[in-house]
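Analysis of the macromolecular model
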Amino acid sequence: MNDLSEQLRGLWLPLVTPFRGGELDETSLRRLLRHYLAFPVDGLILAATSGEGMSLSTSELERLVAVARAEISASWRYVPICLGLSGASTRKMCDALDETAGWPIDGYLIASPYYTRPSQRGLLQHFTQLADHASWPLVLYNIPYRTAVDIDNDTLLELARHPNIAGMKDCCADRSRSIDLLRRRPAGFRVLTGEDAQYHNALVDGADGAILLSAHVETEAFAAVRTMLWEGNQAGAEAQWRDVGNLTRLLFSEPSPSPAKHWLWRIGLIDSPEVRLPMVEVSAELAAELDREIDRRAPQLLLRA
C-alpha cells in the first residue's frame, strides 16, 4: 500500500469534467488543473459523481488521469489523485481495477454497488474482494441516498482493518452515526465528509477533512475553515464558515455538477457549462441566482455575459 492514508486529509476537490461539443475539453481541463493546483487543495478526485464519471468512456477516463498527472508533475507540488469507479458487479469492478492498475493514480474512490441492494455480508465480501484485488488503495464511498444501500458502521469498521483500504468518504447524512464511526475507527483509517453543508460540523466532530464540490468556488475560504480549526481558532473558523456556508445550498439547488459548471463557465475557467445526459444545464432561474452571487462576491471575475 502506498501512503494514501497519510495523504487522505484536508480539503480534496472532486474535480468537474469539462465538455465541449460532446467531447472531453482538454483545454478547459488543463486550465482548471492549473488554477486549483495554485490553491490549498490537498488532493483531487477524478471521475466521481461531480466529475460525471459514469458518462465517461474508458479512453476518456485514461486521458483525464494522464492530463491531471501531467499538470501536477509540471506544478510546484505533488497532489494525490483518486479515481472514481462505480459498478454493481464485483467481477466487472475487478476487471476495471485491472484495466486501470498501471495508470498514474494514488488510489480509488469506490461507491457501494448501486441498484442491487446487497446485504451487509454482501457489502463486506464485495469490498474485501476489491481491496484484495486492487493495485492501489481504496477509499470507500458510502452515499446511500444515491446507491440505495447503506454500509453500516459495523461493516465499515471491519473493512477499516483491511491493509488496502485507506479511508472513506462519508455521506451517510446522519451526524450521530458519523460521530460513532469517528470514535470507534482504528488508527490510520481516514474519514472525510462528502456532505458539503456539514463540512464545519464534521471537522469539529473529528473528521480528517472533506471532499467538497463547493470548494470549486471560494477555494481558499473553504480551506481556511479547516486550517483555523486545526490551529484552534474556532471563532475564526465559524466566521469563515458563515461566509461560505450558503454556497453549499446554492450549488446543490439543482442536480450537481450543473450549478458548479455554470459558475466556472461564467468566470472563464471552463469554456462551456455542458453536462452529459441525463444531466442538464441549470434552469434560467438558478442561472440568474448564481450570476447574482458571482457578481456580489467577485464582480471582476464575471467574464461571460
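Residues numbered from 1 in each chain as written. Predicted model: local features only at pLDDT ≥ 70, side-chain atom pairs only at ≥ 80, totals over all residues. Heavy atoms only, no water.

**Side note on the overall build of the chain**
Each helix and strand counted, the chain has 13 helices and 10 strands in total. Here the C-alpha radius of gyration of the chain, 18 Å, is about what a compact globule of 305 residues would show, namely 19 Å. In terms of overall dimensions, the chain has C-alpha extents of about 55 × 45 × 40 Å along its principal axes. Considering the chain as a whole, with its 305 residues, one finds that 57% of them fall into the buried category. In the chain, 73% of the contacts between residues at least 6 apart in sequence involve partners at least 24 apart. Surface summary for the chain: the accessible area is close to 13000 Å², and the carbon and sulfur share equals 49%. Counting 31 positive and 40 negative side-chain charges, the chain places the centres of these two groups 1 Å from one another. (Helix = DSSP H or I, 4+ residues; strand = E, 2+ residues; numbered from the N terminus. Rg over C-alpha atoms; globule rule 2.2 N^0.38 Å. Buried < 20%, exposed > 50% of the residue type's maximum accessible area, 1.4 Å probe, protein only. Contact = heavy atoms within 4.5 Å. Areas by Shrake-Rupley, 256 points an atom, 1.4 Å probe, with all protein chains shown as cover. Lys, Arg positive; Asp, Glu negative; His and termini not counted. Charge placed at Lys NZ, Arg CZ, Asp CG, Glu CD.)

**Here we look at the sheet that holds strand β9 (residues 190–193)**
The strand order around the closed barrel formed by 8 strands is β1-β4-β5-β6-β7-β8-β9-β10, and the pairing between neighbours is parallel. On average, each strand axis in the sheet is tilted by 25° relative to the strand beside it, whichever way the strands run. The sheet contact formed by β9 and strand β10 (residues 209–211) spans 2 bridges and is parallel. Opposite Leu192, over in β10, you have Gly209 as the bridge partner. Its contacts with the sheet place helix α3 (residues 58–74) against β4 (43–46) and β5 (81–85), and it is angled at close to 170° to β5. (Pairing = 2+ DSSP bridges. Axes fitted to C-alpha atoms, helices over the stretch in contact; angles between N-to-C directions.)

**Remarks on the pattern of salt bridges**
On inspection of all chains with the given rule, the structure shows 22 salt bridges. Lys261 is the salt-bridge partner of Glu52, the closest N and O atoms lying 2.6 Å from each other. Separated by 209 residues along the polypeptide, Glu52 in the loop between β4 and α3 and Lys261 in helix α12 (residues 258–266) bring together distant segments of the chain. Comparing Glu52 with Lys261, the two get one shared label, buried. Taken together, the shared-partner salt bridges connect Glu218, Asp243, Glu293, Arg296 and Arg297 into one network. (Salt bridge = Lys/Arg side-chain N within 4 Å of Asp/Glu carboxyl O.)

**Here we look at the pairing of β5**
Taken across its 5 residues, β5 has 5 buried, putting it largely inside the fold. Alternating residues of β5 divide into Ile81, Leu83 and Leu85 and Cys82 and Gly84, and every residue in both groups is buried. The sheet contact formed by β4 and β5 spans 3 bridges and is parallel. Counterpart to Leu46 in the pairing with β5 is Leu83. With α3 bridging β4 and the parallel β5, this β-α-β connection has right-handed handedness. As for the winding sense of the linkage, the β-α-β connection from β5 through helix α4 (residues 90–99) to strand β6 (residues 107–111) is right-handed. (Right-handed = clockwise from strand over helix to strand, strands pointing away.)

**Overview of the side chain of Ser5**
Inspection of the secondary structure assignment puts Ser5 in helix α1 (residues 4–7). Once residues lying within four places of it in the same chain are set aside, the contact partners of Ser5 are Ala166, Gly188 and Arg190.

**Quick look at the environment of Trp241**
Within the secondary structure, Trp241 sits in helix α11 (residues 234–250). Counting along the chain gives 16 residues from Trp241 to Val225, while the straight-line C-alpha distance between them is 6.3 Å. Setting aside residues no more than four positions away along its own chain, Trp241 makes contact with Asp196, Ala197, Tyr199, His200, Phe222, Val225 and Thr248.

**Points about the packing of α12 against helix α13 (residues 284–297)**
Between two packed helices, both the angle of their axes relative to each other and the distance between the axes serve to describe the pair. At a minimum axis distance of 10 Å, the contact between α12 and α13 shows a crossing angle of 50°. Taken together, the axes of α12 and α13 lie oblique to each other. In this structure, α12 meets α13 at a crossing whose hand is right-handed. Residues Pro259, His262, Trp263 and Arg266 of α12 lie in contact with α13, whose contacting residues are Leu286, Ala287, Leu290, Asp291, Glu293, Ile294 and Arg297. Partitioning the contact of α12 with α13 into residue classes produces 6 nonpolar, 1 polar and 4 charged. (Parallel < 35°, antiparallel > 145°, perpendicular 65-115°, else oblique. Left-handed = near helix turned anticlockwise from the far one by under 90°. Nonpolar A, V, L, I, M, F, W, Y, C, P; charged D, E, K, R; others polar.)

**Remarks on the nonpolar core**
Counting residues in each nonpolar core, the largest one holds 81 residues, and the members touching the most others are Leu83, Tyr108, Ile110, Tyr199, Phe222 and Trp263. If near-sequence neighbours (up to four positions away) are discounted, Trp263 is found in contact with Val217, Leu247, Leu250, Leu251, Leu290, Glu293, Ile294 and Arg297. One finds Ile45, Ala48, Leu109 and Ile143 within the second-largest nonpolar core, a separate group that totals 15 residues. (Core = buried A, V, L, I, M, F, W, Y, C linked by side-chain atoms within 4.5 Å.)

**Re the packing of aromatic side chains**
One pass over the full model with this rule turns up 3 aromatic pairs. In this structure an aromatic cluster arises from ring pairing among Tyr199, Phe222 and Trp241. It is Arg9 that lies over the ring of Trp230; its NZ or CZ is 4.6 Å from the centre. (Phe/Tyr/Trp six-rings, centres within 6.5 Å; stacked < 30°, edge-to-face > 60°. Lys NZ or Arg CZ within 6 Å of the ring centre and 35° of its normal.)

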